[in-house]
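# Survey of secondary and tertiary structure
Spelled out, the chains give:
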Amino acid sequence: MAEPILQVQGLRTHFTTRQGVIKAVDGLSFNLEAGKTLCIVGESGSGKTVSSLSIMRLVDLPGRIVEGQILYRDTDLLKLDEAEMEKIRGDRIGMVFQDPMASLNPAFRIGDQIAEGILIHQEVDKAEARKRTLELLAQVGIPHPEARYGDYPHQFSGGMRQRVLIASAIACRPDILIADEPTTALDVTIQAQILKLLKEVQRNLNSAMILVTHDLGVVAAMADYVMVMYAGRMVEYADVETIFAQPRHPYTRGLLESLIRLEDTRETELAPIPGMPPDLSRLPAGCSFAPRCPAAIETCGARYPALQDISGGHQVACHLVADLAPAVDETVP
Ligand code: SF4
């Protein structure tokens, strides 16, 4: 196996609020190699977005990374001061956010917003930054880049704005690309185009990619590895084939069964599993999924299950993992 380009160890990001401490990410560990895609899945509030923001060190107060290590190559990002982190963010690690309108400055021209990142991170003059920006706009499929360079974000469609964000994120040829629900706001046809584009740029750059999504169709199309999160913790991790063919955690199985139930409607967004995700400021002592878990036993309410490697990197946090035989279902994609 190739050397990981990103190693996250014991990451904890907590929010101190009047209601108490919200453990949005609580002890996350994983590695990622160049050229590979990790999809992080889970319901709203599972910690997937806070995890990706933590890697970028973009968590706003009252959130704080309270523990852990985030190694990019040999550098622990959590030990860098803000100026050092700025050099890595947008250069070696690029990020594509869910809502391009919120990420682009409405008062500045599209081309200038991309060129600015190039000027900050690379030793080039304005003419060279403009030339590279035009190349990037063409690369992400913006027609007539010269003519569109001076347009403002509101003059672009949602899909085109997302292409601009991708151009901006890859402007410095990052080693790691993080995309947080990059297609959620787009219609299905544009979604497919944007995913194809992300795959192409990843292949060209050999970047590692972290893709945060709640859409299992996106996971099936994009992932090499899948991390399933619940209540701030990783509950299952495996390569994509294993997750779909042999899910072991009851929560993962619930997500996949939701997908099967929805197949008739040809939709792939997660149907809610019965019950509500827990209040993160008042997590139960035992397994956070216990109140919703059809397999729960007494032990589940008493102590949290440790994450176990059950075979070749397939990790599961469940007291009953040994009893839950692989569910091989031919109908799962
Ligand atoms: Fe369900 Fe218990 Fe496993 Fe949690 S530990 S997922 S409650 S069986």
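Report follows, based on the coordinates.

So, how was this worked out
Residues numbered from 1 in each chain as written. Predicted model: local features only at pLDDT ≥ 70, side-chain atom pairs only at ≥ 80, totals over all residues. Heavy atoms only, no water. Pairing = 2+ DSSP bridges. Helix = DSSP H or I, 4+ residues; strand = E, 2+ residues; numbered from the N terminus. Expected span 1.5 Å × (residues − 1). Buried < 20%, exposed > 50% of the residue type's maximum accessible area, 1.4 Å probe, protein only. Contact = heavy atoms within 4.5 Å. Phe/Tyr/Trp six-rings, centres within 6.5 Å; stacked < 30°, edge-to-face > 60°. Lys NZ or Arg CZ within 6 Å of the ring centre and 35° of its normal. Near = heavy atom within 4 Å. Nonpolar A, V, L, I, M, F, W, Y, C, P; charged D, E, K, R; others polar. Core = buried A, V, L, I, M, F, W, Y, C linked by side-chain atoms within 4.5 Å. Domains from an automatic or database assignment. Axes fitted to C-alpha atoms, helices over the stretch in contact; angles between N-to-C directions.

Here we come to the pairing of strand 4 (residues 63–72). Where strand 1 (residues 4–17) meets strand 4, eight bridges bridge the pair, whose relative direction is antiparallel. Looking across to strand 4, one finds that Gln 7 is bridged to Leu 71. One ladder, built from two bridges, connects strand 4 with strand 5 (residues 75–76); its direction is antiparallel. Counted as the bridge partner of Leu 71 is Asp 76 from strand 5. With antiparallel pairing between neighbouring strands as the criterion, strand 4 and strand 5 make up a hairpin whose turn holds two residues, including Arg 73 at a positive phi of roughly 50 degrees.

What follows deals with helix 7 (residues 158–170). Between its terminal C-alpha atoms helix 7 stretches 19 Å, which fits the 18 Å expected from 13 residues at 1.5 Å a residue. Of all the 13 residues making up helix 7, 10 are buried; the element is thus mostly covered by neighbouring parts of the structure. All of the buried residues along helix 7 are Gly 159, Arg 161, Gln 162, Arg 163, Val 164, Leu 165, Ile 166, Ala 167, Ala 169 and Ile 170. Residues of helix 7 that are buried make contact with strand 6 (93–96), helix 3 (100–103), helix 4 (110–121), helix 5 (126–139), strand 7 (176–180) and helix 8 (188–205).

According to the stated counting rule, one finds four aromatic pairs in the structure shown. Between Tyr 230 and Phe 289, the aromatic rings sit 5.1 Å apart at their centres with planes inclined by 80 degrees, giving edge-to-face as the arrangement. Taken together, the residues Tyr 230 in strand 9 (residues 225–230) and Phe 289 in the loop between helix 11 (250–262) and helix 12 (298–302) connect sequence positions 59 residues apart. In this pair, the class of Tyr 230 matches that of Phe 289, namely buried. Judged by centre distance (5.2 Å) and plane angle (70 degrees), the rings of Tyr 251 and Phe 289 are edge-to-face. Of the two residues, Tyr 251 sits in helix 11 while Phe 289 sits in the loop between helix 11 and helix 12, which places them 38 residues apart along the sequence. Judged by its relative accessible area of 0%, Tyr 251 is buried. Counting every residue linked through ring pairs, the aromatic cluster contains Tyr 230, Tyr 251 and Phe 289. For the cation-ring pair, Arg 130 lies above Tyr 149, with the distance from its terminal atom to the ring centre recorded as 4.3 Å. Directly above the aromatic system of Phe 156 lies the positively charged group of Arg 148, at a separation of 4.2 Å from the ring centroid.

Inspection of the secondary structure puts Thr 183 in the loop between strand 7 and helix 8. Since its relative accessible area comes to 6%, Thr 183 is described here as buried. Apart from the residues within four sequence positions on either side, Thr 183 is in contact with Gln 191, Ile 194, Leu 195 and Val 218.

What follows concerns the site of the ligand. Close to the ligand lie 13 residues; Cys 287, Cys 293, Cys 300, Cys 318 and His 319 are nearest. Here the residues of the shell around the ligand are counted per class, giving 11 nonpolar, two polar and no charged.

Counting buried positions over the nine residues of helix 1 (residues 48–56) gives eight, a clear majority of the element. Remark: Arg 57 follows helix 1 within two positions and exhibits a positive phi of approximately 55 degrees.

What follows covers the nonpolar core. Buried together is how nonpolar side chains tend to be arranged in soluble globular proteins. By size, the foremost hydrophobic cluster in this structure holds 60 residues, and its most contacted members are Ile 114 and Val 219. Summarising the domain contributions, this core has at least three residues from each of domain 1 (6–223) and domain 2 (230–317). Contact partners of Ile 114, with chain neighbours within four places excluded, come to Thr 133, Leu 136, Leu 137, Val 164, Ala 167, Ser 168 and Ala 171.

With that settled, consider the sheet that holds strand 6. Spatially, eight strands are ordered 6-7-8-3-9-10-12-11 in an open sheet, and the strand pairing comes out mixed. Strand pairing shows two members of the sheet lacking a second neighbour, strand 6 and strand 11 (307–311), which therefore form its edges. Across this sheet, the average inter-strand angle for adjacent strands is 20 degrees, counted without regard to direction. Where strand 3 (residues 37–41) lies against strand 8 (residues 208–212), four bridges are found, and the strand directions are parallel. Across the sheet, residue Cys 39 finds its bridge partner in strand 8, namely Leu 211.

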